[in-house]
Amino acid sequence: MIDLYPAYRKTTRRSPFISLLSRLWGREVIPFFSARSAMLTGLEAFGLSRLDEIFVPPYLSHCVLSTISRTVFPAMAPSPRTRAILVFHQFGFPQRIEMIEEIARENRWIIINDCAHTLFTEAEKRPLFDWGDLSVFSFAKIYPCGLGGGAVTNRTVIAKRLLEAASGDSREAAAAFDFYREISEGCYGERTPLKIQSLYGYLP
């Protein structure tokens, strides 16, 4: 876990874990505090605002909806204001990406690909994270770390904006890691569950 992002606290060296993922995937992996912070930053990087809508599935968790709502308005039905679609592969089951991509391109929607539950489709096809305009993922789902996430995109301009934002996010991640370590040491006593919830963003 320490190698994912807290290394930025004392040095600007690139995390070996992130470097390894980038080499394995053949894509620039941009580290973030969590998949949600990568999603929030990505939506901002595309220039979306609260006047825009993002088409979302009906089974998103409160924490994801809260994150999205900071930038765009989540809606469960498309409208003339829809500018993006969030594709979430619930329980690791890949969605019908070919059909979704066709509809999204027809409507000029940005595809936000939430790969928190899975990174791959069937073995003979391309990796799931290689699809869409922005893919976000949670290290906590694929690596025993508790916190940490990242993003990949095939948009050069968006990647540049994400990299610029990631430096500030890494400072927040380092502070969160210190908080996480204090919690693991039990220094909050009976208030520990509340502190855990605040760390993961489930409370306002």
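It should be emphasised that the depicted structure is a prediction, and the values quoted were computed from it without experimental measurement.

1. A few points about helix 4 (residues 97–107)
At step 1: Where helix 4 is concerned, the buried positions are Ile 97, Ile 100 and Ala 104. For helix 4, the arc enclosing every buried residue in end-on projection is 60°, short of the 170-degree limit, so these residues lie on one face. Residues of helix 4 that are exposed and point more than 90 degrees away from the buried face comprise Glu 102 and Glu 106.

2. Quick look at unusual backbone geometry
At step 1: The residue Arg 108 is not glycine, and still its phi comes out positive at about 60°.
At step 2: Positionally, Arg 108 belongs in the loop between helix 4 and strand 5 (110–114).

3. Observations concerning the pairing of strand 5
At step 1: Summarising burial for strand 5: five of the five residues are buried, a large majority.
At step 2: Both faces of strand 5 are covered, namely the face carrying Ile 110, Ile 112 and Asp 114 and the face carrying Ile 111 and Asn 113.
At step 3: Sheet analysis places strand 4 (residues 82–88) next to strand 5, joined by five bridges and oriented parallel. When the sheet's bridge partners are listed, Phe 88 is paired in strand 5 with Asp 114.

4. As for the packing of helix 2 (residues 35–45) against helix 3 (residues 62–69)
At step 1: For the pair helix 2 and helix 3, interaxial distance at closest approach is 9 Å and the crossing angle is 25°. Classified by the angle their axes make, helix 2 and helix 3 are roughly parallel. In the packing of helix 2 onto helix 3, the handedness of the crossing is right-handed. In this structure, helix 2 contributes Arg 36, Met 39, Leu 40 and Leu 43 to the contact, and helix 3 contributes Cys 63, Val 64, Thr 67 and Ile 68.

5. As for the packing of aromatic side chains
At step 1: Taken as a whole, this structure holds three aromatic pairs when the rule is applied.
At step 2: Ring geometry for Phe 55 and Trp 109: centres 5.9 Å apart, planes at 75°, overall edge-to-face. Here the residue Phe 55 occupies a position in strand 2 (residues 53–55), and Trp 109 occupies one in the loop between helix 4 and strand 5, the gap between them amounting to 54 residues.
At step 3: Among the residues examined, Phe 55 registers a relative accessible area of 22% and is labelled partly exposed.
At step 4: Judged by centre distance (6.3 Å) and plane angle (40°), the rings of Tyr 59 and Phe 88 are tilted. A residue pair is termed long-range when its members are at least 10 positions apart, and Tyr 59 in the loop between strand 2 and helix 3 and Phe 88 in strand 4 qualify at 29 residues.
At step 5: Taking relative accessible area as the criterion, Tyr 59 reaches 37% and is therefore assigned partly exposed.
At step 6: On the accessibility criterion, Phe 88 (9% relative accessible area) is buried.

Quick notes on the rules
- Residues numbered from 1 in each chain as written.
- Predicted model: local features only at pLDDT ≥ 70, side-chain atom pairs only at ≥ 80, totals over all residues.
- Heavy atoms only, no water.
- Buried < 20%, exposed > 50% of the residue type's maximum accessible area, 1.4 Å probe, protein only.
- Helix = DSSP H or I, 4+ residues; strand = E, 2+ residues; numbered from the N terminus.
- Arc of directions from axis to C-beta.
- Pairing = 2+ DSSP bridges.
- Axes fitted to C-alpha atoms, helices over the stretch in contact; angles between N-to-C directions.
- Parallel < 35°, antiparallel > 145°, perpendicular 65-115°, else oblique.
- Left-handed = near helix turned anticlockwise from the far one by under 90°.
- Contact = heavy atoms within 4.5 Å.
- Phe/Tyr/Trp six-rings, centres within 6.5 Å; stacked < 30°, edge-to-face > 60°.

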